[in-house]
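# A look at the structure
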Amino acid sequence: MDGQYRKDIYPGQEVAIILKKDQRSGRLTYGIVKDLLTSAAYHSRGIKVRLEDGQVGRVAEINVVDPDGD
């Protein structure tokens, strides 16, 4: 599932995001949502979130399992 709809994302959820620096490569970063930063109900490139570790990016995938097990 992609992360374009705000209603599908909530704090405490595990997601994969794309950081600003990784937009060209599409590298995913995994973590737990702390805050939703996009106020709109929909965003074509993904809802922007802050992870619990402080990283900020747009949600690419929802309900994922971190392949590294972190």
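Residues numbered from 1 in each chain as written. Predicted model: local features only at pLDDT ≥ 70, side-chain atom pairs only at ≥ 80, totals over all residues. Heavy atoms only, no water.

### Topic: the side chain of histidine 43
Secondary-structure assignment places histidine 43 in the loop between β2 (29-36) and β3 (48-51). Residue histidine 43 is classed as buried on the basis of its relative accessible area of 18%. Histidine 43 has contacts with Gln4, Thr38 and Arg58, leaving out every residue within four places of it along the chain. (Helix = DSSP H or I, 4+ residues; strand = E, 2+ residues; numbered from the N terminus. Buried < 20%, exposed > 50% of the residue type's maximum accessible area, 1.4 Å probe, protein only. Contact = heavy atoms within 4.5 Å.)

### Topic: the pattern of salt bridges
Counted by the stated rule, this structure contains three salt bridges. Here lysine 7 makes a salt bridge to aspartate 8, at a shortest N to O gap of 3.3 Å. We note a salt bridge from arginine 50 to aspartate 35, for which the minimum N-O separation is 3.0 Å. Of the two residues, arginine 50 sits in strand β3 while aspartate 35 sits in strand β2, which places them 15 residues apart along the sequence. (Salt bridge = Lys/Arg side-chain N within 4 Å of Asp/Glu carboxyl O.)

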